[in-house]
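Residues per chain, in single letters:
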Amino acid sequence: MNGKVIVVTSGKGGVGKTTTTANIGTGLAKLGQKVAIIDVDVGLRNLDVVMGLESRVVFDLVDVLEGACKVRQALIRDKRVENLFLLPAAQTRDKDSLSPEKMQELIKMMVEEEGFDRILIDSPAGIEMGFKTAAAPADAALVVVNPEVSSVRDADRIIGLLEAQQVPEIKLVINRLRPKMVAKGNMLSVEDVLEILGTKPIGIIPEDENILVSTNVGEPAVLGESKAGQAFLNTARRIMGEEVPFMNLEEDKGLLATLRRIFGGGR
């Protein structure tokens, strides 16, 4: 992706958007980028918990926008990954301090003065003012979608809104894919999702119980060895412009699967 400023969004809540933001941001930093992750979900603040940085929050996004502190004072540097920073959301403050114009000014300053290579903005779920504020400075968007009808329908609406805001580059992250359920016809396949949305995926993340563990302990999965962590890291590599094949998430079915892998002709 060419975008320096990437909004991570979804139509509905609960699809794994914040986990996706934390993991892709950490993945990009692991690959050598100077990365800022901004939580715009005022009142619900979760990103600092997912990243294990909640105990270090002193100032927040609203403090910066209201001039109570400099952006450098509010940024929390991650001690595990060099060049990774978090700007947390305000937990108890009014959302009225946020506006698309203020957000654009802040992002411009962070790119020009702080020298960030990538800024990821974790948008609030839904299509209210918080979404418009988060999307305003973005030159690219990741739309997180689960392979289920309601999530896809909401994602379709969000893609339309992002296009209306003239965000130049929009890609999908298909999250929590379960190949066994797809095989039984109980979950939409990747092909189904793409056919409905007409937008290319940059990440396909399998359902993985390790994500729940990593979220609870505040350790992004890309720092470990899980399948989902590897898929998130591969997504970060694609954002950097690398050509990385999607992981084979199908269960091996013996000799036939092996032959297909060797000679092609199978997924």
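A brief report on the enclosed structure follows. (Residues numbered from 1 in each chain as written. Predicted model: local features only at pLDDT ≥ 70, side-chain atom pairs only at ≥ 80, totals over all residues. Heavy atoms only, no water.)

### Considering the environment of Ile 239
The residue Ile 239 is located in helix 11 (residues 227-239) in this model. Look at Ile 239 and you get buried, because its relative accessible area is 0%. Considered as a pair, Ile 239 and Ala 125 are 114 residues apart in the sequence and their alpha carbons are 22 Å apart. (Helix = DSSP H or I, 4+ residues; strand = E, 2+ residues; numbered from the N terminus. Buried < 20%, exposed > 50% of the residue type's maximum accessible area, 1.4 Å probe, protein only.)

### Examining helix 1 (residues 17-30)
Its 14 residues place the ends of helix 1 20 Å apart at the C-alpha level, agreeing with the 20 Å of an ideal helix rising 1.5 Å per residue. Extensive coverage of helix 1 is indicated by the burial of 13 of its 14 residues. Once helix 1 ends, the next one or two residues include Gly 32, with phi positive near 105 degrees. (Expected span 1.5 Å × (residues − 1).)

### Some details on the environment of Gly 229
Here Gly 229 is to be found in helix 11. For the pair Gly 229 and Gly 13, spaced 216 residues apart in sequence, the C-alpha separation works out to 21 Å. Those residues within four positions of Gly 229 in sequence are excluded, and the remaining contacts are Ala 221 and Val 222. (Contact = heavy atoms within 4.5 Å.)

### Quick notes on the packing of aromatic side chains
All chains considered together, the criterion is met by 1 aromatic pair. Here the aromatic rings of Phe 85 and Phe 116 are separated by 5.5 Å at their centres, their planes lie at 80 degrees, and the arrangement is edge-to-face. Here Phe 85 is found in strand 4 (residues 84-87), whereas its partner Phe 116 is found in the loop between helix 5 (100-112) and strand 5 (118-122), with 31 residues between them in sequence. For Phe 116, a relative accessible area of 2% gives the class buried. When the ring centre of Phe 116 is taken as reference, the NZ or CZ atom of Lys 34 above it lies at 4.9 Å. The ring of Phe 246 has Arg 238 sitting right over it, with the charged end atom 4.0 Å from the ring centre. (Phe/Tyr/Trp six-rings, centres within 6.5 Å; stacked < 30°, edge-to-face > 60°. Lys NZ or Arg CZ within 6 Å of the ring centre and 35° of its normal.)

### A few points about unusual backbone geometry
Positive phi, normally seen in glycine, also occurs at Asn 83, with a value near 70 degrees. As for its position among the elements, Asn 83 is in the loop between strand 3 (76-77) and strand 4. The backbone of Arg 176 sits at a positive phi, close to 65 degrees, despite the residue not being glycine. Looking at Arg 176, the relative accessible area reads 31%, which means it is partly exposed.

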